[in-house]
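Close look at the chain arrangement
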Amino acid sequence: SLTATNDLPSVVAGIATRSGRRLDYRTIAPGGFALEDHWSSGEARSALATGRWDAIVLQQGPSALPESQANLREWAIRWAAEARARGVRPALLTVWPESYRRSALRDVIGSYRRAAAAAGAELLPGGGAWREAWSCGPVALYGPDGFHPSLLGTYAAALVVYGRLFRAPIVGGAPPPGVRRRTARLLQWSAATSLGRPQPRSRRCGGS
């Protein structure tokens with residue numbers, strides 16, 4: 001549901017369209033599903049077996065606790081192997097913890113980074129973009145329930161997904177509806193920084 005909220009794939013597709021690219025996608029994101037649950041359900045595996053995809057983006061909950069970290073690693077490895085067998089690039093999207101335990105973000109980021117490395121999957125550091133944005137000041141990335149993302153939170157994660165999957169620079173230009181231009185620049189800076197792309201000093205925290 002962290003992906004389904006605000007329809008993150010459609011936001012990525014919108015970013016692609018505004019930069020002259022195209023994204024075709026299918027979303028399979030039942031609420032509360034872990035990668036293990038997706039494997040057991042079979043729907044995502046059936047979609048993967050069609051062979052029509054270039055990449056599969058994998059995501060479950062924060063996975064910061066030791067047992068959750070082990071579970072994420074195990075199933076990321078299994079899914080990545082299945083994807084590569086179908087000629088598909090596996091990628092792992094880092095998420096974030098609930099707002100009441102925001103201090104666990106570092107553990108969430110580490111958990112996903114290690115799981116991606118173990119699986120040989122690309123890392124899409126959505127949670128890292130959130131952290132970079134917060135380093136510049138308060139940004140309302142959580143939605144009303146303090147866990148699912150606001151439109152800004154989804155936009156930050158979508159920028160990361162777009163930048164890495166398309167191997168493209170984080171674009172400027174018109175932000176999506178409801179996102180102010182100045183805030184969009186901040187989130188674009190945050191996404192680029194989380195992807196390890198050097199930013200000019202004048203662009204720190206989205207400055208012009």
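What comes next concerns the included structure.

How each quantity is defined
- Residues numbered from 1 in each chain as written.
- Predicted model: local features only at pLDDT ≥ 70, side-chain atom pairs only at ≥ 80, totals over all residues.
- Heavy atoms only, no water.
- Helix = DSSP H or I, 4+ residues; strand = E, 2+ residues; numbered from the N terminus.
- Rg over C-alpha atoms; globule rule 2.2 N^0.38 Å.
- Buried < 20%, exposed > 50% of the residue type's maximum accessible area, 1.4 Å probe, protein only.
- Contact = heavy atoms within 4.5 Å.
- Core = buried A, V, L, I, M, F, W, Y, C linked by side-chain atoms within 4.5 Å.
- Phe/Tyr/Trp six-rings, centres within 6.5 Å; stacked < 30°, edge-to-face > 60°.
- Lys NZ or Arg CZ within 6 Å of the ring centre and 35° of its normal.
- Polar contact = N/O pair within 3.5 Å; in protein donor to acceptor, adjacent residues only side chain to side chain.
- Axes fitted to C-alpha atoms, helices over the stretch in contact; angles between N-to-C directions.
- Parallel < 35°, antiparallel > 145°, perpendicular 65-115°, else oblique.
- Left-handed = near helix turned anticlockwise from the far one by under 90°.
- 1 Å grid on protein atoms, 1.4 Å probe; cavity = no way out; pocket = protein on both sides within 12 Å on 5 of 7 lines; lining within 4 Å.
- Points joined across faces, edges and corners; volume = space filled by probe spheres on them.
- Nonpolar A, V, L, I, M, F, W, Y, C, P; charged D, E, K, R; others polar.

Right, let's talk about the overall build of the chain for a bit. Counting secondary structure elements, the chain contains eight helices and three strands. Going from the N terminus to the C terminus, the chain shows its helices and strands as α-α-α-β-α-β-α-β-α-α-α. Against the globule reference of 17 Å for 208 residues, the chain gives a C-alpha radius of gyration of 16 Å, in line with a compact fold. Dimensions of the chain, computed from the C-alpha atoms along their principal axes, are close to 45 × 40 × 30 Å. Scored against the burial criterion, the 208 residues of the chain give a buried share of 51%. Restricting the contact set of the chain to residue pairs at least 6 apart, pairs at least 24 apart contribute 69%.

Ranked by size, the top nonpolar core spans 66 residues in total, and within it Leu92, Trp96 and Leu187 carry the most contacts. Among the elements that take part in this core, helix H7 (residues 151–165) stands out by supplying 10 residues, more than any other. Not counting residues within four places of it along the chain, the set of residues in contact with Leu187 comprises Ala133, Val139, Leu141, Leu152, Tyr155, Ala156 and Leu159.

With that settled, consider the packing of aromatic side chains. Per the stated rule, a full pass over the model turns up seven aromatic pairs. Note on Trp96 and Trp130: the rings are 4.0 Å apart at their centroids and 10° apart in plane angle, and the pair reads as stacked. With Trp96 in the loop between strand E2 (89–93) and helix H5 (105–119) and Trp130 in helix H6 (residues 126–134), this residue pair connects regions lying 34 residues apart in the sequence. By relative accessible area, which is 1% here, Trp96 ends up buried. Overall, Trp130 belongs to the buried group, its relative accessible area being 0%. Joined through ring pairs, the aromatic side chains of Trp96, Trp130, Trp134 and Tyr142 make up one cluster. It is Arg45 that lies over the ring of Trp39; its NZ or CZ is 4.0 Å from the centre. Just above the ring of Trp134 sits the side chain of Arg102; from NZ or CZ to the centre is 3.6 Å.

Turning to the environment of Ser135, a few remarks are in order. Position of Ser135 relative to the elements: it lies in the loop between H6 and H7. The spatial distance from the C-alpha of Ser135 to the C-alpha of Cys205 is 8.2 Å, given a sequence separation of 70 residues. Excluding residues within four positions of it along the chain, Ser135 makes contact with Trp189 and Arg204. Reaching out from Ser135, the side chain makes a polar contact with the backbone oxygen of Glu132 at a distance of 2.5 Å.

The next thing to look at is the packing of helix H1 (residues 8–18) against H7. Interaxial distance between H1 and H7 falls to 9 Å at its minimum, and their mutual angle equals 60°. In terms of axis orientation, H1 runs oblique to H7. H1 and H7 meet at a crossing whose hand is right-handed. Seen from H1, the contacting residues are Leu8, Val11, Val12, Ile15, Ala16 and Arg18; seen from H7, they are Thr154, Tyr155, Ala157, Ala158, Leu159, Val161 and Tyr162.

As a further point, take the layout of surface pockets. Its volume calculated, the largest pocket comes out at about 980 Å³. Taken together, 42 residues make up the lining of the largest pocket; nearest its centre are Arg26, Thr27, Ala55, Ile56 and Val57. Looking at the lining of the largest pocket, the elements with two or more residues in it are H1, helix H2 (35–41), helix H3 (43–49), strand E1 (55–58), E2 and H7. Of the residues in the lining of the largest pocket, the class split is 26 nonpolar, 10 polar and six charged.

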